[in-house]
Amino acid sequence: QVQLVESGGGVAHPGESLRLSCAASGFIFSTYPMHWVRQAPGRGLEWVAVISHDGSIKRYADSVKSRFTISRDNSKNTLYLQMDSLRSDDTAVFYCARGVVVEVAPTSVYTAFGPWGQGTLVTVSS
Amino acid sequence: DIQLTQSPSPLSASVGDRVTITCRASHNIITWLAWYQQKAGKAPQLLIYKASSLESGVPSRFSGSGSGTEFTLTISSLQPDDFATYYCQQYNNLPLTFGGGTKVEIK
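Structure report, in brief.

### Let's talk about the state of the cysteines
Inspection of every chain in the model, using the stated rule, returns two disulfides over all chains. In this model, Cys-22 of chain A is linked to Cys-96 of chain A through a disulfide, with the two sulfur atoms separated by 2.1 Å. Taking the sign of the S-S torsion, about 60° here, the bridge from Cys-22 of chain A to Cys-96 of chain A comes out right-handed. Of this pair, Cys-22 of chain A sits in strand 3 (residues 18-25) while Cys-96 of chain A sits in strand 9 (residues 92-100), and the two are 74 residues apart along the sequence. One exposure class covers both Cys-22 of chain A and Cys-96 of chain A, and it is buried. Here Cys-23 of chain B pairs with Cys-88 of chain B through a disulfide, and the sulfurs are 2.1 Å apart. Measuring handedness by torsion sign, the sulfur bridge of Cys-23 of chain B and Cys-88 of chain B sits at about 75° and is right-handed. Within this pair, whereas Cys-23 of chain B is found in strand 3 (residues 19-25), its partner Cys-88 of chain B is found in strand 9 (residues 85-90), the two being separated by 65 residues in sequence. Residue classification places Cys-23 of chain B among the buried positions, given a relative accessible area of 0%. On the basis of relative accessible area, Cys-88 of chain B is assigned to the buried category, the value being 0%.

### Quick word on the sheet that holds strand 1 (residues 3-7) of chain A
The strands making up a sheet associate through backbone hydrogen bonding, with each pair oriented either parallel or antiparallel. All names here are of chain A. Taken in spatial order, the four strands of this open sheet run 1-3-8-7, and their pairing is antiparallel. Across the chains shown, the open sheet's two edge strands, defined by having one partner strand only, are strand 1 and strand 7 (68-73). For this sheet the average axis-to-axis angle between neighbouring strands, irrespective of direction, equals 15°. Both strand 3 and strand 8 (residues 78-83) contribute to a ladder of six bridges, which runs antiparallel. Within strand 8, the residue paired with Ser-21 across the bridge is Tyr-80.

Conventions adopted
Residues numbered from 1 in each chain as written. Chains lettered and ligands numbered in written order. Predicted model: local features only at pLDDT ≥ 70, side-chain atom pairs only at ≥ 80, totals over all residues. Heavy atoms only, no water. Disulfide = S-S within 2.5 Å. Helix = DSSP H or I, 4+ residues; strand = E, 2+ residues; numbered from the N terminus. Buried < 20%, exposed > 50% of the residue type's maximum accessible area, 1.4 Å probe, protein only. Pairing = 2+ DSSP bridges. Axes fitted to C-alpha atoms, helices over the stretch in contact; angles between N-to-C directions.

Okay, here's the thing in structure tokens:
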């Protein structure tokens, strides 16, 4: 069955970096766009970034643009999020999610999300 | 950015009730809208995509409707497992955005 497993979360000081990973299995990873979505403690959901199936298109939320970098290695079925210059308001559970490609163009990054990983907690604190 | 406004929040209901949650978009998003259910401490799960298409494996008591700027999620007969927070999400424009969530509580 489809499985997404995030790792790499933890505690960082403001200004530091972390790299999240999302290991995918149970589907042809290289044919799907992939997203990162985060949720601050007690808050709602916020889309962070998307990468197209082949890595040629990357888009970011304004709140993370120029600080975060999304990437993927289709040979390893793994999605990444490099997070630099972390701030306290980046504290959140980070989820990876597969793009829903039904009824959208195969190369589209404008998608719904499903399924989702279990999430990994990132805490930024001095 | 496209703003999504959900109502009501919270929503108090009883088992067996018909429940309707509304999501209003600040601009026309055609039918590029999804609905998710999130239980405490768990990842969200996709219920509905493209406004009215039921995700595989989701019970048929869940349905979605709407187009343009107004959308609804309906649970035809609320079950104990349905007490959770529900989010709408648009994918017509970047940035992809979510509504603020509707918590369905036990009356």
